[in-house]
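# Fold and geometry: a report
Listed here are the chains, written in short residue letters.
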Amino acid sequence: QVHLVESGGGLVQAGGSLTLSCAPSGRTFTNDAMGWYRQAPGKEREFVAAITSSGYGTDYADSVKGRFTISRDNAKNTMYLQMNTLKPEDTAVYYCAAGPSMYYMDYWGKGTLVTVSP
């Protein structure tokens, strides 16, 4: 029973900050890349950020570059997304993911809702 469980979503005002966490259960993901995706109302799920298994390599969508920071603590088997200077267009369900590479994920969480008010 391997699960990815997101936490930290909620309501925040524009310009504010929020930190999401992903705590896998069932096994460690130290040999997997991990990432965050999001799906806004009426839109397709899109890539947000990804991180290599070591934690030293990262990638970001242009829309969040400079505002969001992805990180992981393999000792705690936990991944994070620090979101700063949030905008209303960041409103979406955010999904934790893991897989063999930064660009192919085959484990997905249930999602956590982030709502940014104007």
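Refer to the preceding data block for the structure.
First, a word on what this report is: a plain description of the structure on this page. Predicted model only: the values in this text are computed from it and were never measured.

### Looking at the pattern of salt bridges
Once their charged atoms are close, side chains differing in charge can pair, the charge on each being opposite to the other. A complete count under the given rule lists 5 salt bridges for this structure. For Arg27, the salt bridge goes to Asp32, with nearest N and O atoms at 3.2 Å. Between Lys65 and Asp62 there is a salt bridge, with the nearest N and O atoms lying 3.3 Å from each other. Overall, the relative accessible area of 49% leaves Lys65 in the partly exposed class. What you see here is one network of salt bridges that share partners, running through Arg38, Glu46, Arg67 and Asp90.

### Digging into the state of the cysteines
According to the stated counting rule, one finds 1 disulfide in the structure shown. The side chain of Cys22 participates in a disulfide bridge whose partner is Cys96; the two sulfur atoms lie 1.9 Å from each other. Note on the Cys22 and Cys96 pair: the S-S dihedral is about -75°, so by sign convention the disulfide is left-handed. Residue Cys22 is located in strand 3 (residues 18-22), and its partner Cys96 is located in strand 9 (residues 92-99); the two are separated by 74 residues in the primary sequence. The residues Cys22 and Cys96 share a single accessibility class, namely buried.

### A look at the environment of Tyr37
Relative to the helices and strands, Tyr37 is located in strand 4 (residues 33-39). Once the C-alpha coordinates of Tyr37 and Tyr95 are considered, the two residues, 58 residues apart in sequence, prove to be 5.1 Å apart. Once residues lying within four places of it in the same chain are set aside, the contact partners of Tyr37 are Arg45, Glu46, Phe47, Val48, Val93, Tyr94, Tyr95, Ala97, Met102, Met105 and Trp108.

### Thoughts on the sheet that holds strand 7 (residues 68-73)
Strand order in the open sheet formed by 4 strands is 1-3-8-7, with antiparallel pairing between adjacent strands. Here the strands that pair on one side only, and so sit at the sheet edges, are strand 1 (6-7) and strand 7. As paired elements, strand 7 and strand 8 (residues 78-83) share 6 bridges and run antiparallel to each other. Looking at strand 8, one finds that Ile70 is bridged to Leu81.

### Here we look at the nonpolar core
Ranked by internal contacts, the top residues of the largest apolar core, which has 27 residues, are Met34, Trp36, Leu81, Met83 and Tyr94. Counting only elements with at least two residues in this core, the list comes to strand 3, strand 4, strand 5 (46-51), strand 7, strand 8, strand 9 and strand 11 (112-117). Considering every element that reaches this core, the biggest residue donor is strand 9, with 4 residues. Ranked by size, the runner-up nonpolar core spans 6 residues in total, among them Ala33, Tyr37, Ala50 and Met105.

Thresholds applied
Residues numbered from 1 in each chain as written. Predicted model: local features only at pLDDT ≥ 70, side-chain atom pairs only at ≥ 80, totals over all residues. Heavy atoms only, no water. Salt bridge = Lys/Arg side-chain N within 4 Å of Asp/Glu carboxyl O. Buried < 20%, exposed > 50% of the residue type's maximum accessible area, 1.4 Å probe, protein only. Disulfide = S-S within 2.5 Å. Helix = DSSP H or I, 4+ residues; strand = E, 2+ residues; numbered from the N terminus. Contact = heavy atoms within 4.5 Å. Pairing = 2+ DSSP bridges. Core = buried A, V, L, I, M, F, W, Y, C linked by side-chain atoms within 4.5 Å.

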